[in-house]
Amino acid sequence: MSPDTYAQNDSQKSYYLEPEQPTKAAQALKKTSSIFFNIIQIFVVLGMVGIFLYLFVFPFNIVDGNSMNPNFCNRDLYVTYKLDSFFKPYEREDVIAFRLNEKENLIKRIIGVPGDRIRFSDDKVYRNGQLLVEKYLPSTRATQLFAGDKYKNGDEVTVPAGKYLVLGDNRPNSSDSRYFGLIDPNTNAINGKVILVL
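Quick caveat: nothing in here was measured; it's all calculated off a predicted structure. (Residues numbered from 1 in each chain as written. Predicted model: local features only at pLDDT ≥ 70, side-chain atom pairs only at ≥ 80, totals over all residues. Heavy atoms only, no water.)

Further remarks concern the pattern of salt bridges. Taken as a whole and assessed by the stated rule, the structure comprises seven salt bridges. Here Glu 93 ties to Arg 127 by a salt bridge, and the two come within 3.3 Å at their closest N and O atoms. Taken together, the positions of Glu 93 in the loop between helix H3 (84–87) and strand S3 (95–99) and Arg 127 in strand S6 (residues 124–127) put the pair 34 residues apart, joining distant regions of the chain. In this structure, Lys 193 engages Asp 94 in a salt bridge whose closest nitrogen and oxygen atoms are separated by 3.5 Å. Residue Lys 193 is found in strand S10 (residues 190–197), and its partner Asp 94 is found in the loop between H3 and S3; the two are separated by 99 residues along the sequence. In this structure, Lys 193 and Asp 94 share a single accessibility class: buried. (Salt bridge = Lys/Arg side-chain N within 4 Å of Asp/Glu carboxyl O. Helix = DSSP H or I, 4+ residues; strand = E, 2+ residues; numbered from the N terminus. Buried < 20%, exposed > 50% of the residue type's maximum accessible area, 1.4 Å probe, protein only.)

Structure (structure tokens):
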């Protein structure tokens with residue numbers, strides 16, 4: 001083979017440069033960036049879950065007033081469970097949060113559920129003919145009726161289907177079913193059962 005042929009073959013050879021290896025500092029920076037990005041993703045997901053739970057499962061609010069003393073005091077923070085009624089109806093003695101009107105959100109205790117007969121007599125409450133024993137109230141607390149209330153002494157009301165009779169724990173200083181009547185979930189949106197006071 002002639003020298004010219006060798007020269008031609010040499011000119012046709014391809015030369016490859018090996019890729020430059022990243023430095024240890026660059027590798028560490030890449031690893032740190034990846035960890036930071038994963039942490040951000042976790043916080044975003046947790047934030048979205050938290051917002052969902054707050055809006056649709058466990059909303060919280062602040063007690064406004066003293067109508068539920070001594071069990072719930074003014075400015076107490078309370079948490080409600082919105083899905084409770086999806087699994088079972090609200091029960092007697094449950095404390096619920098509901099919207100009375102466009103301006104007022106209240107918490108009260110359920111005293112009468114559908115079918116119950118509630119009677120107010122001599123500062124006492126009777127349910128289905130039996131004197132109501134309310135262990136969550138001070139023994140000296142009376143359930144008075146006032147001028148302008150919907151019921152008079154001795155009146156008995158039967159709670160119809162889909163409605164509830166509610167009272168505040170601080171009976172002398174509570175605007176409740178004695179004043180505004182029964183609550184209807186269709187018009188008085190119930191925000192849920194109060195499950196925790198902070």
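This part is about the pairing of strand S2 (residues 77–81). In this sheet, S2 lies alongside strand S1 (residues 60–62) in antiparallel orientation, the contact comprising three bridges. Bridge pairing links Asn 61 to Tyr 78 in S2. Where S2 lies against S10, four bridges are found, and the strand directions are antiparallel. By the bridge assignment, Val 79 is partnered in S10 with Leu 196. (Pairing = 2+ DSSP bridges.)

This paragraph deals with the sheet that holds S1. What the six strands build is an open sheet, ordered S1-S2-S10-S3-S4-S9; its pairing is antiparallel. Looking at strand neighbours, the two that pair on one side only are S1 and strand S9 (165–167), the edges of this open sheet. Shown here is a sheet whose adjacent strand axes are inclined to one another by a mean of 50°, direction ignored. (Axes fitted to C-alpha atoms, helices over the stretch in contact; angles between N-to-C directions.)

Turning next to the side chain of Asp 116. Residue placement: Asp 116 occurs in the loop between strand S4 (105–112) and strand S5 (117–121). The buried category is assigned to Asp 116, whose relative accessible area is 3%. Sequence-distant contacts of Asp 116, that is, excluding residues within four places in its chain, are made with Arg 92, Ile 111, Arg 127, Asn 128, Val 157, Thr 158 and Val 159. (Contact = heavy atoms within 4.5 Å.)

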